[in-house]
Amino acid sequence: MTEEFYKISENIKRINENIARAALKSGRSENDVNLVAVTKTVDVERINHALSCGVKYIGENKVQEFLKKRDSLNLNGVSAHLIGHLQTNKVSKIVGQVDMIESVDSVRLAQAISKKSLELGMKTDILLQVNIGREESKSGILPEFLFETADEISRFDGIVIRGLMAIPPAQGDNAEKCKFFSNMSKLFIDIKGKKMDNSNVNVLSMGMSGDYELAVECGATLVRVGTGIFGYRNYNI
Ligand SMILES: *Cc1c(COP(=O)(O)O)cnc(C)c1O
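Source: prediction; values computed, not measured.

Visitor: Sorry if this is basic, but what is going on with the site of the ligand here?
Guide: Surveying the vicinity of the ligand reveals the residues Val38, Lys40, Asn61, Ile83, Ile167, Met208, Ser209, Arg224, Val225, Gly226, Thr227 and Arg233. Within the side chain of Lys40, one N or O atom sits 2.6 Å away from an oxygen atom of the ligand. Between the ligand and Ser209, the relevant distance is 2.4 Å, taken from an oxygen atom to a side-chain nitrogen or oxygen of the residue. For the ligand, whose unbound accessible area comes to 390 Å², protein coverage reaches 89%. Looking at side-chain class alone, the shell around the ligand contains five nonpolar, four polar and three charged residues.

Next comes the structure, spelled out in structure tokens:
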């Protein structure tokens, strides 16, 4: 095994231990929280190695990049998630190819996903992305519009609303991050309590390499970790 593969295995082991500890702190068990290995810019050999270490979820940002790698990945029993911004004109390429689209940020996008799913005779699991930090540079539904947007989206029979996703502001100390994660957790609990059609809400996706433990302590059920597993990304390959 090369040094790099060894590091990936060790990283996954350590991160899973950290997740388990944080889950206990939040009064849950390690089985209540899942690790998504974020594989953007990572080659198929390293992704397959991560999968051989027991990773059950992968997350890709770009439709094209995922489709290029997909056939070479050992995805048996693995859930593939799209986590990057999705343009409506790429919907027909990705529906049916991933198990969940985490980055749904508009009624229009949800409608397109639903339409394509119904054409394929299936339903697509989605998360609603919330712009919890109200950042202009980020996509996502503003918190005050979340419930009415979810309500509209729940009318589409080709989707299943599974929960919420957020990318809080990168800067800030733990106290600030904690505030965003806790606000997400409140929205999650509220939306779970609503009786919407086409929904089965039990996923809260938040936390990345720098803050996944904090996110789990605040109630995340999915954390998305890239750098922490694979090291720094090289966008030029
Ligand atoms: C890249 C990315 C991540 C992972 O970020 P790291 O800091 O490398 O762990 C998580 N979520 C989304 C949406 C991303 O684009």
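Right, picking up where we left off after that structure.
Visitor: Looking at this structure, I do not really get the environment of Tyr57. What am I missing?
Guide: If you trace the backbone, Tyr57 turns up in strand S2 (residues 57-60). A sequence separation of 45 residues divides Tyr57 from Ile12, and the C-alpha atoms of the two residues are 12 Å apart. Those residues in contact with Tyr57, other than ones at most four positions away along the chain, are Asn34, Leu35, Val36, Ala37, Val78, Ser79, His81 and Leu222. Reaching out from Tyr57, the side chain makes a polar contact with the side chain of Asn34 at a distance of 3.5 Å.

Visitor: Honestly, the packing of aromatic side chains in this entry has me stumped. Any pointers?
Guide: Any aromatic ring pair is given by two values, namely how distant the centres are and how the planes are angled relative to each other. Summed over the entire model, instances satisfying the criterion amount to zero aromatic pairs. The lysine or arginine in question, Lys179, covers the ring of Phe180, its NZ or CZ lying 5.1 Å from the ring centre. The ring of Phe147 has Lys194 sitting right over it, with the charged end atom 4.6 Å from the ring centre.

Visitor: Could you clarify how one ought to interpret the packing of helix H1 (residues 3-25) against helix H2 (residues 44-52) in this entry?
Guide: Each pair of packed helices can be described by the angle between their axes along with the distance between the axes. Here H1 crosses H2 at 40 degrees, and the two axes come no closer than 10 Å. Taken together, the axis directions place H1 and H2 in an arrangement best described as oblique. Seen along the crossing, H1 lies across H2 with a hand that is right-handed. Residue-level inspection shows Glu4, Phe5, Ile8, Ser9 and Ile12 of H1 in contact with H2, the latter providing Glu45, Arg46, His49 and Ala50.

Visitor: Can you help me understand the state of the cysteines in this one?
Guide: Each disulfide consists of one covalent bond between the sulfur atoms belonging to two cysteines. In total, this model carries zero disulfides according to the counting rule given. Cys178 takes part in no disulfide bond, and the closest cysteine sulfur, belonging to Cys218, lies 3.6 Å away. On the basis of relative accessibility, which here comes to 27%, the residue Cys178 falls in the partly exposed class.

Visitor: I would appreciate a short explanation of helix H6 (residues 146-153) in the present structure.
Guide: Each α-helix winds once per 3.6 residues, and so residues spaced three or four apart point in a common direction. Regarding H6, the residues found buried are Leu146, Thr149, Ala150 and Ile153. Looking straight down H6, one finds its buried side chains confined to an arc of 100 degrees; they lie on one side.

Visitor: Could you clarify how one ought to interpret unusual backbone geometry in this entry?
Guide: A negative phi holds for most residues other than glycine; trans holds for most peptide bonds. Positioned with a positive phi, Thr41 is a non-glycine residue whose angle comes to about 65 degrees. Residue position: Thr41 is located in the loop between strand S1 (34-38) and H2.

Visitor: Hey, could you run me through the nonpolar core in this one?
Guide: Considering soluble globular proteins, one finds that nonpolar side chains tend to be buried as a cluster. Counting 67 residues, the largest nonpolar core has Ile58, Ile113, Leu128 and Leu164 as its most contacted members. Filtering out sequence-adjacent residues up to four positions away, Ile113 remains in contact with Leu86, Val91, Val95, Ile101, Val104, Thr124, Ile126 and Ile159. Counting six residues, the second-largest nonpolar core is a separate cluster that includes Val36, Met100, Met165 and Val203.

Visitor: Honestly, the side chain of Asp211 in this entry has me stumped. Any pointers?
Guide: Counting through the fold element by element, Asp211 comes out in the loop between strand S7 (199-205) and helix H8 (212-217). Among the polar contacts listed, one links the side chain of Asp211 to the backbone nitrogen of Met208, at a separation of 2.7 Å. Dropping the residues within four chain positions of it, Asp211 is found in contact with Lys177 and Phe181.

Rules and cut-offs
Residues numbered from 1 in each chain as written. Predicted model: local features only at pLDDT ≥ 70, side-chain atom pairs only at ≥ 80, totals over all residues. Heavy atoms only, no water. Near = heavy atom within 4 Å. Polar contact = N/O pair within 3.5 Å; in protein donor to acceptor, adjacent residues only side chain to side chain. Areas by Shrake-Rupley, 256 points an atom, 1.4 Å probe, with all protein chains shown as cover. Nonpolar A, V, L, I, M, F, W, Y, C, P; charged D, E, K, R; others polar. Helix = DSSP H or I, 4+ residues; strand = E, 2+ residues; numbered from the N terminus. Contact = heavy atoms within 4.5 Å. Phe/Tyr/Trp six-rings, centres within 6.5 Å; stacked < 30°, edge-to-face > 60°. Lys NZ or Arg CZ within 6 Å of the ring centre and 35° of its normal. Axes fitted to C-alpha atoms, helices over the stretch in contact; angles between N-to-C directions. Parallel < 35°, antiparallel > 145°, perpendicular 65-115°, else oblique. Left-handed = near helix turned anticlockwise from the far one by under 90°. Disulfide = S-S within 2.5 Å. Buried < 20%, exposed > 50% of the residue type's maximum accessible area, 1.4 Å probe, protein only. Arc of directions from axis to C-beta. Core = buried A, V, L, I, M, F, W, Y, C linked by side-chain atoms within 4.5 Å.

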